[in-house]
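Examination of the molecular architecture
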Amino acid sequence: MAAALTEADITARIAALPGWAAENGVISKTYALDSYMAGLALASAIGTVCEGLDHHPDLYIGYKKVRVSFTTHSAGNQLTAKDFEAAAAIERLGYPRVK
């Protein structure tokens, strides 16, 4: 089982993830996109990356937005390094594309 992070660890790690927020044992980010289809593409990319990491987020796909959130269920719904590693991997996807 992954070890839960301390509040100091969470504060330090969230600072390295632009647009992400930590609250009540969950980290999350909402991505604004140009279209619904771009949101579906992003959600698919997130799912593919996270499947490879064997750490799966909750996803909400809305009109021109995708919200992704992580907690580690096996650690009692607390934040662990796995959550931040998955969020960093999603950030490396480069969404939304800068025009």
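My aim in this report is to walk through the structure given alongside it, one point at a time. Every value quoted in this text rests on a predicted model; they were computed, and no experiment measured them.

With respect to the helices, strands and loops of the structure, Thr-80 is situated in the loop between strand 4 (65-70) and helix 3 (81-91). A relative accessible area of 0% means that Thr-80 is categorised as buried. A polar contact is formed between the side chain of Thr-80 and the side chain of Thr-72, at a distance of 2.6 Å. If we skip the residues at most four places from it in the chain, Thr-80 touches Ala-2, Ala-3, Ala-4, Leu-5, Thr-72 and Ala-75.

Further remarks concern the environment of Ala-89. Residue placement: Ala-89 occurs in helix 3. Ala-89 has contacts with Val-49 and Leu-53, leaving out every residue within four places of it along the chain.

Rules behind the numbers
- Residues numbered from 1 in each chain as written.
- Predicted model: local features only at pLDDT ≥ 70, side-chain atom pairs only at ≥ 80, totals over all residues.
- Heavy atoms only, no water.
- Helix = DSSP H or I, 4+ residues; strand = E, 2+ residues; numbered from the N terminus.
- Buried < 20%, exposed > 50% of the residue type's maximum accessible area, 1.4 Å probe, protein only.
- Polar contact = N/O pair within 3.5 Å; in protein donor to acceptor, adjacent residues only side chain to side chain.
- Contact = heavy atoms within 4.5 Å.

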